[in-house]
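A look at the structure
What follows is the residue order along each chain.
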Amino acid sequence: MTTTIGILLAAGAGRRMGGPKALVIGEDGLAWVVSGARTLAAGGCVETVVVVGADESAVRQLLTEEPVTIVSAGDWESGMGASLRAGLRAVADRRADSALVHLVDLPDVGPEVIRRLVARASPDVLARARYGPPAGHPVLLGREHWAAIADECTGDSGARAYLARHEVDEVDCSDLATGADVDRRTPATAKAER
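The notes below deal with the structure included here. Since the structure is predicted, the reported quantities are computational estimates derived from the model, not experimental observations.

1. Here's the deal with the sheet that holds strand β6 (residues 135-142)
Spatial ordering of the open sheet is given by β3-β2-β1-β4-β6-β5-β7, a layout of seven strands whose pairing is mixed. Taken across any chain shown, the strands that pair with only one partner, and hence form the sheet edges, are β3 (69-72) and β7 (169-172). Sheet twist, expressed as the mean angle between neighbouring strand axes with direction ignored, is 25°. Both strand β2 (residues 47-52) and β3 contribute to a ladder of four bridges, which runs parallel. Bridge pairing in β3 links Val 49 to Thr 69.

2. A few points about helix α1 (residues 32-42)
The buried count for α1 comes to eight of eleven residues, which makes it a mostly enclosed element. Within α1, the full set of buried residues consists of Trp 32, Val 33, Val 34, Ser 35, Gly 36, Ala 37, Thr 39 and Leu 40. One or two positions beyond α1, positive phi appears at Gly 44, with a value near 115°.

3. Comments concerning unusual backbone geometry
Apart from glycine, the bulk of residues carry a negative phi angle, and the bulk of peptide bonds sit in the trans form. Residues His 137 and Pro 138 are joined by a peptide bond in cis, for which omega reads 5°. You can see Pro 138 is positioned in strand β6. Backbone geometry at Asp 55 places phi at a positive 50°, although glycine is not the residue there. You can see Asp 55 is positioned in the loop between β2 and α2 (56-62).

Scoring rules and cut-offs
Residue indices begin from 1 for each chain and proceed along its sequence in written order. Given that the model is predicted, a residue must reach a pLDDT of at least 70 before its local features are reported, and side-chain atom pairs must reach 80 or more before they are shown or counted; all residues, however, enter totals for whole chains, interfaces and linings. The basis for every side-chain value is the complete set of non-hydrogen atoms in the structure, without hydrogens or water. Here, any two strands with at least 2 DSSP bridges between them count as paired. Helix and strand definitions follow DSSP, with helices as H or I runs of at least four residues and strands as E runs of at least two, each counted in order from the N terminus. Structural elements are reduced to axes, namely lines fitted to C-alpha atoms, with helices fitted over the stretch in contact, and the angle between N-to-C directions of any two is expressed from 0 to 180 degrees. When accessible area is computed with a 1.4 Å probe and restricted to protein chains, residues below 20% of their type maximum are described as buried, those above 50% as exposed, and intermediate ones as partly exposed.

Note that all results are geometric; they support no functional claim without further evidence.
What follows is the structure in structure tokens.
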């Protein structure tokens, strides 16, 4: 049986959002960092690692009751690559076949998307959700790729360059979500936070 660890990238400052996206309260009344972690668990990840950075103490406080491992990305300000590197290095010694990398600002991606990707887990897999062109997140990374991806993560590109050089299974999830990342406050998020 294959196992997958979830990695939730939640370290950014959310400048266009007006604050860290991890702290945004969704329509369900939960902070996005909490709902993202719960989505990974409900979708079949055996463990969840949350990578934090901006407003770290507030994000950690929200996760005190959640069964997650919190990892600090000390250089989070340099971009998503730093967060991904911190997450992959944190799971390097875990016994899992793959890691599913999820972003905190994808509130409409639910457990069904996670399940669809986790079903493809293997040590050599490279797969990502697709909701229409271009492909999006989450991204499933087999153990065999972790070290190489972590070594070349820089800036905001994360694993983009690595994935571009390899064959990646694009998993259609357009029937389950839009996969749209939310960069600005919407009337719905503003209302939920009142």
